[in-house]
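Here's the letter readout for the chains.
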Amino acid sequence: MDVATRQPFLGLNLERRYRLVYKPAVFVASLMPLAWMACGLFGWLGLSAGVDPVKFLELENGKTALNFIMLTLMMTPVRQLTGLTHPIRLRRMIGLFAFFYALLHFTVYVVLDLDLDWHMVGADLVKRPYITVGFTALMLLVPLAVTSTNRMMRRLGRRWNRLHRLVYVIAVLGVWHFYWQEKLDVREPSIYALILAILLGYRCARSAWLRRLLTSKRAHQAR
Amino acid sequence: MMTRIPRIAPSEITPPEKYLNRRAFLAGALAVGASFGRASAASIPARAGAPLDYTHDGADSVGALVHASGQNEAPNTWEQITNYNNYYEFGTGKTDPAEYAGQLQTRPWNIAIGGEAEVTGSFPLEEFVRPYALEERIYRFRCVEAWSMVIPWVGFPLAQMLQRFKPNSRAKYVAFETLYRPSQMPGQRVPILQWPYREGLRIDEAMNPLAFMVVGLYGRVLPNQNGAPLRLIVPWKYGFKSIKAIVRIVFTEARPQTTWAVAAPSDYGFYANVNPNVPHPRWSQATERRIGNPFFHERQATLMFNGYADEVAYLYKGMDLRRYM
């Protein structure tokens, strides 16, 4: 039995706590970057989007999408290292927000930056490798968002897990896209690359360790 | 050499009352000018946005207001021009220069002239600027990152300045260097570019009447984030050619090394002429976004040589501009 269910919180059981407290809280928190951008855009709360609001929106939405993807990749290590199960139950919502911000990022680029010049969008997609990479990441997010419902999870079963491993590819493409568009100063994208390397490296190390544990156990039993 | 003066239609002369109180401008210039001299130079405050504190021998006007942006485009605001800068000496963010350039001491300031010229040596800024009648030029400014502005600079033609030092026949190029002072330019503590920043022009490019030395903006002292106290403006080239905070000018026979061409030779060339037909390896240069345009405003077509082809195209006759990017 889950420890949490034994200690009532606000008199709510676990299911209702997720539905009424945790999920709404994460939902509101996930909208904060959007609220922050709106404040900048309209000059609320003394914030400013600066002289070039188009670039501001493009960059902020892109980075926020990347931040959310990184967050989703942190849930599993957090559970494995601390035993906390809450984060993983909120992962779907965070992943969907990553898709939301990536879509906003792309929309700003197409509508505000290129002004719906589809010829230019097409040329960019074909000729500019960093845009091709970013667009590929966005396209790969689509099937993950579509299959995020409970029904789809049940229907796909084990294949669902395999499909959603695409997030590793998406994360690499996303960081690569960020890195590649920089003119010179790659310090910020390098930080993302480092964090991603740690998150993926952790998984590789852990599965190698588990495999070794398993084989030595088998060897032990055989003896 | 052939000189071509930009054609100025009367309608293109910007009405001064629009943004510039010329009388106040002159009063300021004259008042400070009266007290000029080597000794007082160090004590002259050079606050960004203060009335220009330069004057020149004899003449009593600030010179013509030249609207050379071609299509009578409205200049960007002071706010926009001074808060959106690429000036890596103060950081790579667009607002870093506005935030950190205030600490740069622009007085005293000396400019060293060297190389293939009869007159060389070190000149205090005031003495350096004094011989020239300041004039205003409203130029298009096109960044290699595909954004643009229209900016009312105040300064004097580069050609006038160079001729004063009597370059000799071996002077094929002019090399410029920015101040190196990491204590006041925090960006220089990070080795992302080779410091100090260096730029250069072919001598005939430098002698073109459009090439301009700038000491002011909107009739005021040039703010530090825009390259105070002395910067170059070459309006038909991408912005990075227009070097800021100049401390050294050298006439050379060999083509000088330039910072961005050294940092990324496949992305940036020595010439860096604005050219919609030659894309940057990672983005198109065919169109540009004018800073300050409202949302849903169309991008505008980038013009050959940033719209100054009539004035400068002769410099590149017979050159393959794809090769000499």
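So, how was this worked out
Residues numbered from 1 in each chain as written. Chains lettered and ligands numbered in written order. Predicted model: local features only at pLDDT ≥ 70, side-chain atom pairs only at ≥ 80, totals over all residues. Helix = DSSP H or I, 4+ residues; strand = E, 2+ residues; numbered from the N terminus. Buried ≥ 20, exposed ≤ 12 C-beta atoms within 10 Å, placed from the backbone. Contact = placed C-beta atoms within 7 Å. Nonpolar A, V, L, I, M, F, W, Y, C, P; charged D, E, K, R; others polar. Pairing = 2+ DSSP bridges. Axes fitted to C-alpha atoms, helices over the stretch in contact; angles between N-to-C directions. Parallel < 35°, antiparallel > 145°, perpendicular 65-115°, else oblique. Expected span 1.5 Å × (residues − 1). Core = buried A, V, L, I, M, F, W, Y, C linked by C-beta atoms within 7 Å.

> Explanation requested: the overall build of chain B in the structure shown.
Along chain B, the regular secondary structure elements total nine helices and 13 strands. Each of the 325 residues in chain B was classed as buried or not, and the buried ones make up 47%.

> Teacher, can you tell me more about the interface of chain A and chain B here?
It is common to report an interface's size as the accessible area lost on association of the parts. At the interface, 15 residues of chain A touch 19 residues of chain B. Taken together, the residues of the side of chain A that touches chain B break down into eight nonpolar, one polar and six charged.

> Explanation requested: the sheet that holds strand β11 (residues 246–252) of chain B in the structure shown.
Sheet strands associate in pairs through backbone hydrogen bonding, adopting either a parallel or an antiparallel arrangement. Residue and element names in this part refer to chain B. The five strands lie next to each other as β3-β2-β11-β6-β7, forming an open sheet whose pairing is mixed. Either end of the sheet is taken by a strand with one partner, and the two such strands are β3 (121–124) and β7 (198–202). Adjacent strand axes in the sheet meet at a mean angle of 20 degrees, parallel and antiparallel pairs treated alike.

> Any chance you could explain the packing of helix α3 (residues 32–42) of chain A against helix α4 (residues 53–82) of chain A here in plain terms?
Angle between the axes and distance between the axes are the two parameters that describe a pair of packed helices. All names here are of chain A. Interaxial distance between α3 and α4 falls to 11 Å at its minimum, and their mutual angle equals 170 degrees. With respect to their mutual orientation, α3 and α4 come out roughly antiparallel. Between α3 and α4, the residues in contact are Pro33, Met37, Gly40 and Leu41 and Pro53, Phe56, Leu57, Glu60 and Thr64, respectively. For the contact of α3 with α4, a count of residues per class yields six nonpolar, two polar and one charged.

> Where do I start with the environment of A:Leu59 in this structure?
Residues and elements named next belong to chain A. Within the fold, Leu59 resides in helix α4. Owing to 15 C-beta atoms within 10 Å, Leu59 belongs among the partly exposed residues under this scheme. Sequence separation between Leu59 and Phe178 is 119 residues, and the spatial gap between their C-alpha atoms is 9.3 Å.

> Looking at this structure, how should I read the environment of B:Gln103?
Following the sequence through the fold, B:Gln103 ends up in the loop between α4 (96–100) and β2 (110–115). Sequence-wise, B:Gln103 and B:Asn224 are 121 residues apart; in three dimensions their C-alpha atoms are separated by 8.8 Å.

> Where do I start with helix α6 (residues 91–113) of chain A in this structure?
An α-helix turns once per 3.6 residues; consequently, residues spaced three or four apart project the same way. Residues and elements named next belong to chain A. Here α6 contains 23 residues, and its C-alpha end-to-end distance of 31 Å stays within 8% of the 33 Å for a straight helix at 1.5 Å per residue. Ile94, Gly95, Phe97, Ala98, Phe99, Tyr101, Ala102, Leu104, His105, Phe106, Val108 and Tyr109 are the residues of α6 that are buried. Elements in contact with the buried residues of α6: α2 (14–30), α3, α4 and α8 (129–146). Positive backbone phi, at 50 degrees, marks Asp115, one or two positions downstream of α6.

> How should the nonpolar core be read in this particular structure?
For soluble globular proteins, the rule of thumb is that nonpolar side chains tend to be buried together. Counting 82 residues, the largest nonpolar core has B:Leu158 and B:Val174 as the members making the most contacts within it. When near neighbours in sequence (up to four residues on either side) are disregarded, B:Leu158 contacts B:Ala206, B:Ala211, B:Phe212, B:Met213 and B:Leu232. One finds A:Met37, A:Leu73, A:Ala102 and A:Ala137 within the second-largest nonpolar core, a separate group that totals 30 residues.

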